[in-house]
Amino acid sequence: MAVSGLSDFKGRWFVVKIGGELASDKPKLAASVGAAVRAFLDAGVRVAVIHGGGPQATELTQKLGLTPKMVGGRRVTDEATLEVMKMTLAGQVSVDVAAAFRIAGVPAVCTTGVSAGLVNARKRPAKVITGAGPDPIDLGLVGDVSEVNTALFEKLSEAGVVPVLGSLSGDAQGNVFNINADTVATRVAAKLKAAKLFLVSNVPGVLANKDDPSTRLPTLTPAEAKEKIASGVIQGGMIPKVEESLAMLEEGIEAIHIVGISPVNALLGEAEKAGSFGTAFLRG
Ligand SMILES: Nc1ncnc2c1ncn2[C@@H]1O[C@H](COP(=O)(O)OP(=O)(O)O)[C@@H](O)[C@H]1O
Ligand SMILES: CC(=O)N[C@@H](CCC(=O)OP(=O)(O)O)C(=O)O
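Source: prediction; values computed, not measured. (Residues numbered from 1 in each chain as written. Chains lettered and ligands numbered in written order. Predicted model: local features only at pLDDT ≥ 70, side-chain atom pairs only at ≥ 80, totals over all residues. Heavy atoms only, no water.)

### Some words on the site of ligand 1
Operational definition: Any residue with a heavy atom positioned within 4 Å of a molecule or strand is treated as near that molecule or strand. Nitrogen and oxygen atoms within 3.5 Å of one another constitute a polar contact, given that in protein one can donate a hydrogen and the other can accept it, and given that sequence-neighbouring residues count only through two side-chain atoms. Each accessible area value is a Shrake-Rupley result obtained with a 1.4 Å probe; residue values ignore everything except the protein chains displayed when judging cover. Here a cavity means grid points, on a 1 Å grid over the protein atoms only, where a 1.4 Å probe fits yet cannot get out; a pocket means an open set of points with protein on both sides within 12 Å along at least five of seven lines; lining residues are those with an atom within 4 Å of a point. Each molecule is checked against the cavity or pocket grid, and it sits inside if more than half of its atoms lie within 2 Å of the grid points. Throughout this entry, Asp, Glu, Lys and Arg are counted as charged residues, while Ala, Val, Leu, Ile, Met, Phe, Trp, Tyr, Cys and Pro are counted as nonpolar. The remaining residues, Gly among them, count as polar.
Taken together, the neighbourhood of ligand 1 is formed by 16 residues, with K17, S201, L207, V233 and K241 sitting nearest. Here a nitrogen atom of ligand 1 sits 2.8 Å away from a polar atom, N or O, in the main chain of V233. Between an oxygen atom of ligand 1 and a main-chain N or O atom of M238, the distance comes to 3.5 Å. Burial of ligand 1 by the protein amounts to 80% of the accessible area it has alone, namely 570 Å². In a pocket analysis with a 2 Å cut-off to the grid points, ligand 1 is assigned to the largest pocket. Taken together, the residues of the shell around ligand 1 sort by class into six nonpolar, six polar and four charged.

### Concerning the UniProt feature "site: Transition state stabilizer" (unreviewed entry) in the chain
To keep things clear, this is the line we draw: UniProt positions are given in the numbering used here, feature names are shortened, and annotations may be inferred rather than shown by experiment. We count a stretch as a helix when DSSP gives it H or I for four or more residues in a row; a strand needs E for two or more, and each element gets its number in order from the N terminus. Accessible area is worked out with a 1.4 Å probe on protein chains only. A residue is then buried under 20% of its type maximum, exposed over 50%, and partly exposed in between.
The residues that UniProt annotates with the feature "site: Transition state stabilizer" (unreviewed entry) are K17 and K241. These residues run over 225 residues, yet every pair of their C-alpha atoms falls within 10.4 Å of each other. From this annotated list, the subset lining the largest pocket comprises K17 and K241. Among the secondary structure elements, K17 is positioned in strand β1 (residues 13-18). Overall, K17 belongs to the buried group, its relative accessible area being 5%.

### Focus: the packing of helix α2 (residues 54-63) against helix α3 (residues 79-103)
A pair of packed helices can be characterised by two numbers: the angle between their axes and the separation between those axes. This is how the line gets drawn: Note on definitions: angles span 0 to 180 degrees between N-to-C directions of axes, and those axes are lines fitted to C-alpha atoms, for helices only across the stretch in contact. Reported orientations rely on four angle classes, namely roughly parallel under 35 degrees, roughly antiparallel over 145, roughly perpendicular from 65 to 115, and oblique for the rest. If you view the pair so one helix is near and one far, a crossing is left-handed when the near helix is turned anticlockwise from the far one by less than a right angle, and right-handed when it is turned clockwise. We call two residues in contact whenever any of their non-hydrogen atoms come within 4.5 Å of each other.
One can describe the packing of α2 onto α3 by two numbers: an axis separation of 9 Å at closest approach and a directional angle of 130 degrees. When the axis of α2 is compared with that of α3, the two are oblique. Between α2 and α3 lies a crossing of right-handed hand. Across from Q56, A57, L60 and T61 in α2, the residues of α3 making contact are V84, M85, M87, T88, Q92 and V93. Here the residues of the contact of α2 with α3 are counted per class, giving six nonpolar, four polar and no charged.

### Looking at the layout of surface pockets
Worth spelling out the cut-off: Grid points are joined across faces, edges and corners, and a volume is the space filled by probe spheres set on the points.
Computed from the structure, the largest pocket encloses a volume of approximately 820 Å³. Lining of the largest pocket is provided by 38 residues; of these, K17, N180, D182, G237 and K241 occupy positions nearest its centre. Where the lining of the largest pocket is concerned, the elements lending two or more residues are α2, β4 (74-75), α3, α5 (181-191) and α7 (238-250). A per-class count over the lining of the largest pocket returns 15 nonpolar, 16 polar and seven charged. In this structure, the second largest pocket spans a volume of roughly 200 Å³. Taken together, R74, R124, K127, V128, I129, T130, D144, V145, T183, R187, E243 and E244 form the lining of the second largest pocket. Here the residues of the lining of the second largest pocket are counted per class, giving three nonpolar, two polar and seven charged.

The following block contains the structure:
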């Protein structure tokens, strides 16, 4: 069923990022993100999906007797942690997202950015990280996106399938890197010149009080968002989400929305009307 308003985006890309936590409830993921992606496809919009798996990776790390370490919302990734990321992102979460999309009638081909160089990366140099003190931090086997194989995304879309990527990436030498899924999604959206990027999370949007879902901010300008990071209103995993969104607005992408899956029509509603169910980032 085509939804009015979406047909304005016919032939353009929407990129949808799913936080790992959402993959644990397949029927709900199908009814929320799955149904919205189906409506986007029915309106002739091209869709690419990026998923995370942070909570699953943390759980598996602990089960293996290792200690997860996050700095400013990013995981410090040594060899053992990278193995865990492969098991969760390319294994458990990938299969669960594929299964949820089957329920919604979305023809998803689930893989990671390593496949055919869909997302290329190089090792991230040590950097100062917001919220983690003044010294540069080396995150280990964490990458920065260097290139996106947009031609293959286009071909997959033309073949009628939805590329769905866990946020691992690689290089032509066979190295594999862990990348925050919000980061992958923003870079892929920028390279595809996406009309919209949706960061779908376990919260309804950016909240004035992170523990009170009724305090959702419908819109944020870059200046307001920076102020909310500096004042500590925006914390933890929300920091990379907002920082990446701002970087992308500066690259000229049209609209970025942070949105949840409650109610189940939140993503579709936000796609039709910015700020109605989530937080929309506005330029200026
Ligand atoms: N101001 C805020 N508004 C909303 N969430 C916030 C805020 N500050 C911190 N957070 C935290 O950010 C989390 C979302 O980031 P993250 O867990 O990384 O999500 P995802 O796994 O979807 O990428 C929320 O669960 C919440 O605990
Ligand atoms: C470098 C880095 O932090 N990578 C992330 C990748 C997964 C992710 O981003 O998952 P969510 O979207 O569920 O948070 C991580 O290891 O957790």
